[in-house]
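Inside the fold
Here's the letter readout for the chains.
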Amino acid sequence: MSVTYDLRLLTSFLAVADELHFGRAAERLQVAQPALSQQLRRLETQLGVQLFDRDARKVELTGAGEAFLPGAREAVAAAHRAALAAQRVTDTAPAVLRVAVDLDLPERVLQQIRLFSQIRSEIELKVVRQHQGDALDALHEDQLDLVVGWGRMPYGPPLRSLTLDSEEILAVLRDDHPEAARPTMTRDAFGRGQFVMFEREQSADVFDWLAVAAAGRQPEQLRIQQVRSLDDGASAMLRSAGRGCGQTIVAASRFDAAAHPRLRTIPFDPPLRHEIVAMWTAESESAAVLALADSWGRA
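Now for a quick tour of the structure. All values derive from a computational prediction rather than experimental measurement. What you see as residue numbers is a count from 1 along each chain, following the sequence as written. Side-chain atom pairs in this predicted model are given and counted only at pLDDT of 80 or more, local residue features only at pLDDT of at least 70, and totals for whole chains, interfaces and linings cover all residues. Side-chain numbers here rest on the full set of heavy atoms in the structure, without hydrogens or water.

**Describing the environment of Ile 276**
In this text, helices come from DSSP runs of H or I with a minimum length of four residues, and strands from runs of E with a minimum of two, each type numbered from the N-terminal end. For Ile 276, the position within the fold is in strand β10 (residues 263-280). When the C-alpha positions of Ile 276 and Trp 209 are compared, they lie 13 Å apart, and in sequence the two are 67 residues distant. In this structure Ile 276 touches Leu 105, Pro 106, Arg 108, Val 109, Val 148, Gly 149, Trp 150, Leu 162, Thr 163, Leu 164, Asp 165 and Ser 166, once residues within four positions along its chain are discounted. In this analysis, two residues are considered to be in contact whenever any of their non-hydrogen atoms come within 4.5 Å of each other.

**Things to note about the side chain of Asp 208**
Tracing the backbone shows Asp 208 in helix α8 (residues 204-215). Sequence-distant contacts of Asp 208, that is, excluding residues within four places in its chain, are made with Met 153, Tyr 155, Arg 200 and Pro 219.

**Quick word on the pattern of salt bridges**
Salt bridge, as used here: a side-chain nitrogen of Lys or Arg that lies within 4 Å of a carboxyl oxygen of Asp or Glu. A full pass over the atoms with the stated rule returns 23 salt bridges. A salt bridge links Arg 262 to Asp 176; its shortest N-O distance comes to 3.6 Å. With a gap of 86 residues between them, Arg 262 in the loop between β9 (248-251) and β10 and Asp 176 in the loop between β6 (160-174) and α7 (187-191) connect regions that are remote in the sequence. Asp 188 is the salt-bridge partner of Arg 217, the closest N and O atoms lying 3.4 Å from each other. With Arg 217 in the loop between α8 and β8 (224-227) and Asp 188 in helix α7, this pair connects stretches of sequence that are 29 residues apart. Think of it in three bands: residues with accessible area under 20% of the maximum for their type are buried, residues over 50% are exposed, and the middle band is partly exposed, with areas taken using a 1.4 Å probe on protein chains only. Asp 188 gets classed as partly exposed once you look at its relative accessible area, which sits at 45%. Connected through shared salt-bridge partners, Asp 18, Glu 19, Arg 24, Arg 28 and Arg 73 make up one network.

**Examining helix α9 (residues 233-242)**
Burial analysis of α9 places 7 of its 10 residues in the buried class, which makes it a mostly covered element. Here α9 has its buried residues at Gly 233, Ala 234, Ala 236, Met 237, Leu 238, Ser 240 and Ala 241. Among the structural elements, β6, β7 (195-198), β8, β9 and β10 are those in contact with the buried residues of α9. The first or second residue beyond α9 is Gly 244, which carries a positive phi of 85°.

**Focus: empty space enclosed by the protein**
With a 1 Å grid spanning the protein atoms alone, the term cavity applies to any set of points in which a 1.4 Å probe fits but cannot get out, the term pocket to an open set with protein on both sides within 12 Å along at least five of seven lines, and the term lining residue to any residue with an atom within 4 Å of a point. Grid points are joined across faces, edges and corners, and a volume is the space filled by probe spheres set on the points. For the structure on display, the rule yields 1 cavity of 30 Å³ or more. Of the volumes computed, that of the largest cavity is approximately 250 Å³. Surrounding the largest cavity, 20 residues form its lining, Asp 104, Trp 150, Phe 198, Val 206 and Leu 210 being those nearest its centre. Sorting the residues of the lining of the largest cavity by element identifies α6 (132-140), α8, α9 and β9 as the ones contributing at least two each. Throughout this entry, Asp, Glu, Lys and Arg are counted as charged residues, while Ala, Val, Leu, Ile, Met, Phe, Trp, Tyr, Cys and Pro are counted as nonpolar. The remaining residues, Gly among them, count as polar. Among the residues forming the lining of the largest cavity, the class breakdown is 10 nonpolar, 7 polar and 3 charged.

Structure (structure tokens):
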């Protein structure tokens, strides 16, 4: 028996099958919930079967939905592979890859991207330095193809990502701070002090990750003074700590002791490391995006 259905509706089906909740699935797909429900009804009409049992309390796959699920996943994956294969075919025009790099990342990240550009000269790289929060907004608005930044809490629309590197994070205190003589810093001791951080609105997910990882508490349980960063977060935080506004944190490669003679860095116990990741959306994934992500440490 031949069955005709709209392949585009499979993405909606898979989101609901994964979440078993129309609200979460709609948020994941960035569509209105009524529109998502309509798409599922259209798919069920095309297939001639009911895929979900849903009521006010729960959403469950029917037997037909369970049977349809593996093939639906494979169909979406096959379509994705076909698109990538088409993109890999040599074209007369060079592939253009738009990349944003967070302002606080160490210089070695840019060096790696420059090296990739030299090796893969057929890919035209357009690189900008940008706050991670702004860069992720641009990524979702299709103004960028890839963002290289810090590991983050999974807020907002889902992203595909690959860990590229990591950086040790150090506690920073002024030399007259009561805890400045400590050889190492515990999470509990750090969490008790006044904490200086870049403004949360610049990158809420990274802000929350750092606060929780460094202090072992949720941000709302901490005394955090947020500082505006017009250039990069690390510089703004270090300047505020140097003025006695409170303790802060810094990536080890970003601290210049000569530039901040009154500040002391203290390693955390156990050590605190923050991952550096490449992030992209399903829509922006291309052969060029995967080539840059896969080249890390091997170019």
